[in-house]
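# Geometric and topological summary
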Amino acid sequence: MRRPSGSWTVPAGVTFADWVGGALHRRPTYDDLDYHLGTLFPLVRPRGHLQIRYLDAQPGRDWFAPVALLAGLLGSDAAVDAARAAAAPAAGRWIEAARYGLTDSVIAATAPAVLDVALAGVPAPLRAGVVATVEECFRRAWPFG
């Protein structure tokens, strides 16, 4: 919540919808809504360069794995071409990817090949740590236990 001075934070767990519903000391204005909507955008977006917003939001040292994987995927034209070919069966499935991630069967079927391309571009001494971090992230997030 924007204020003239001090912290803009709100109590943990309070959403914009909660705020609209009266959870805070005042209701949001149209200006608050406009500001809020301006903070919402995809985690990756082209802006004349590739802007990747999730890298600095990883817990602890987990930031290193996505950085290494992105470097592996984007480190050479050959890697980009290989990743594009590996992901081809899932081309155009942006909505499914956003809604369902790896629970979408087509995306799940292509993901291991894309991961292999990325890992091939990670220097060998770092690869085991990246794999361990990725596996731990999947264990924490995978919906099927």
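No experiment lies behind these values; they were computed from the predicted model shown. (Residues numbered from 1 in each chain as written. Predicted model: local features only at pLDDT ≥ 70, side-chain atom pairs only at ≥ 80, totals over all residues. Heavy atoms only, no water.)

### Points about helix H7 (residues 124-141)
Convention followed: Put simply, DSSP H or I for four residues or longer makes a helix, DSSP E for two residues or longer makes a strand, and each gets a number counted from the N terminus. To estimate the expected span of a helix, subtract one from its residue number and multiply by 1.5 Å. Throughout this description, buried means an accessible area under 20% of the type-specific maximum (1.4 Å probe, protein chains only), exposed means over 50%, and partly exposed covers the range between. Directions from the helix axis toward the C-beta atoms define the arc.
Compared with an ideal rise of 1.5 Å per residue, which puts 18 residues at 26 Å, H7 spans 26 Å between its outermost C-alpha atoms and is within 8% of the ideal. Among the residues of H7, those classed as buried are Val130, Thr133 and Val134. One side of H7 carries all its buried residues, which in axial view fall inside an arc of 100°. Projecting away from the buried face of H7 at angles above 90 degrees are the exposed residues Pro125, Ala128 and Arg139.

### So, the packing of aromatic side chains
Let me state the cut-off plainly: Within 6.5 Å between ring centres, the rings of Phe, Tyr and Trp (the latter by its six-membered ring) count as paired, and their orientation is classed by plane angle as stacked under 30 degrees, edge-to-face over 60, tilted in between.
Under the counting rule described, the total for this entry stands at three aromatic pairs. Here the aromatic rings of Phe16 and Trp19 are separated by 5.4 Å at their centres, their planes lie at 75°, and the arrangement is edge-to-face. Remark: Trp19 and Phe16 occur in helix H1 (residues 16-20); sequence separation between them is three residues, near one turn of the helix. For Phe16, a relative accessible area of 18% gives the class buried.

### Regarding helix H3 (residues 64-74)
Short version of the rule: The contact criterion used throughout is that any non-hydrogen atoms of two residues lie within 4.5 Å.
Listed as buried for H3 are Ala65, Pro66, Ala68, Leu69, Leu70, Gly72 and Leu73. Along its buried surface, H3 packs onto strand E2 (50-52), helix H4 (77-87), helix H6 (105-120) and H7.

### A word on the pattern of salt bridges
Pairing is possible between side chains of opposite charge, provided their charged atoms come close. Rule in force here: We count a salt bridge whenever a side-chain nitrogen from Lys or Arg sits within 4 Å of a carboxyl oxygen from Asp or Glu.
In this structure the tally under the stated criterion is five salt bridges. With a shortest N-O distance of 2.5 Å, Asp31 and Arg2 are connected by a salt bridge. Highlighted residues: Asp31 in helix H2 (residues 30-38) and Arg2 in the segment before H1, separated in sequence by 29 residues. Taking the relative accessible area as the measure of exposure, Asp31 reaches 47% and is therefore partly exposed.

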